[in-house]
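Here is how the chains run, residue by residue.
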Amino acid sequence: MVDNRTIGIFDSGMGGITVLSQLIKELPKEKFLYLADTKNFPYGGKSKEEILALTKNNIEILINRQVKMIVIACGTATSQALDEVKPLYSVPIIGIIEPTVLELKQRKKCKTIGVIATEGTIRSKAWEREIIKQIPQTKVINQACPLLASMAEKGEKEERVERTIQEYLKPFHNKEIDTLILGCTHYPIYTNIIARNLPEKIKIVDTSYIVAKKVKEILKQEQLETIEPKGNYEIILTKEIEEFKTMAEKWLKKEETI
């Protein structure tokens, strides 16, 4: 059985482009529809009820476009809405948290994990709950980074970004973490800055690689793989922003990665 329909992906803004980039590499024959909810960006400071309503709206938009699967490429929406929306729709829906934690469980090298994410994600404790569930002996240290997603969207100067990241990473300096999860899909664009402000021994986890592998696995299991010779992607916005698609293209080419 084959399925040539599109895979839907959404985020509040440009962060999920990091996931889309890996999906294109992992599944070059598939078609992707990326939805950026630019009208309601950012999600990080919104209530759980607001996030749930926005997530449902995004899913409805994608389902109306006949997608065969949906990736919630947003840490905040994953943490506060995934469990509620999954039973409501017939298509497979995945987020970024569970696949990442299961991957870390398989590695069996995590004793103390740091998580950086938006305020909403950290407040929900979703990463912490999943980590303790899957890897019970692991200690979790959370750190909210409320400015980073907006800085990425605006293309802030590297100097200001680095100062901000240095401040956010201070709580980890006196903690013996062995792993740091980038719990917001905007953050991988700053992987190099984050890495140079942490000890080399700390493993930085970019969820986009893991999520792309999980999508490939689900397509095979559910017999949803395409037989098209070459894939493509489309980007749609809930509010038109002149420079969004240009910047997104640069992100896809990694030209904006610092």
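Residues numbered from 1 in each chain as written. Predicted model: local features only at pLDDT ≥ 70, side-chain atom pairs only at ≥ 80, totals over all residues. Heavy atoms only, no water.

Some points on the sheet that holds strand β7 (residues 179–182)
Rules: Here, any two strands with at least 2 DSSP bridges between them count as paired. For the purposes of this entry, the term helix denotes a DSSP run of H or I that reaches at least four residues, the term strand denotes a run of E that reaches at least two, and both are numbered from the N terminus. In this analysis an axis means a line fitted to C-alpha atoms, helices contributing only their contacting stretch, and an angle means the value between N-to-C directions, from 0 to 180 degrees. Contacts between residues were defined by any pair of non-hydrogen atoms, one from each residue, lying within 4.5 Å.
Spatial strand order, β6-β5-β7-β8: four strands in an open sheet with parallel pairing. Where the open sheet ends on each side, the last strands, each with one partner, are β6 (139–144) and β8 (203–206). Each neighbouring strand pair of the sheet contributes to a mean axis angle of 20°, computed without reference to strand direction. Sheet analysis places β7 next to β8, joined by four bridges and oriented parallel. When the bridges of β8 are listed, Leu180 appears paired with Ile204. Contacting β5 (112–117), β6 and β7, helix α8 (residues 158–173) crosses the sheet at an angle of about 160° to β6. Along the sheet, helix α10 (residues 207–221) contacts β7 and β8; its crossing angle with β8, the most-contacted strand, is approximately 50°.

A short note on the pattern of salt bridges
The test is simple: Here a salt bridge means any side-chain nitrogen of Lys or Arg lying within 4 Å of a carboxyl oxygen belonging to Asp or Glu. Three labels apply to residues, based on accessible area from a 1.4 Å probe with only protein chains included: buried if under 20% of the type maximum, exposed if over 50%, partly exposed otherwise in between.
A complete count under the given rule lists 13 salt bridges for this structure. Ionic pairing is found between Glu103 and Lys213, a salt bridge with its closest N-O pair at 3.6 Å. With Glu103 in helix α4 (residues 97–107) and Lys213 in helix α10, this pair connects stretches of sequence that are 110 residues apart. Of the residues examined, Glu103 reaches a relative accessible area of 17% and is grouped as buried. With a closest N to O distance of 2.8 Å, Glu162 and Arg196 form a salt bridge. With Glu162 in helix α8 and Arg196 in helix α9 (residues 191–196), this pair connects stretches of sequence that are 34 residues apart. Assessed through its relative accessible area of 17%, Glu162 is described here as buried. Connected through salt bridges with shared partners, the residues Glu103, Arg107 and Lys213 form a single ionic network.

Notes on the nonpolar core
Defined as follows: Here, the term nonpolar core denotes a set of buried Ala, Val, Leu, Ile, Met, Phe, Trp, Tyr and Cys residues that are joined through side-chain atoms within 4.5 Å.
Residues Ile17, Val71, Leu180, Tyr190, Ile194 and Val215 are the most contacted members of the largest nonpolar core, which totals 69 residues. Ranked by size, the runner-up nonpolar core spans 21 residues in total, among them Tyr43, Cys74, Leu82 and Val91.

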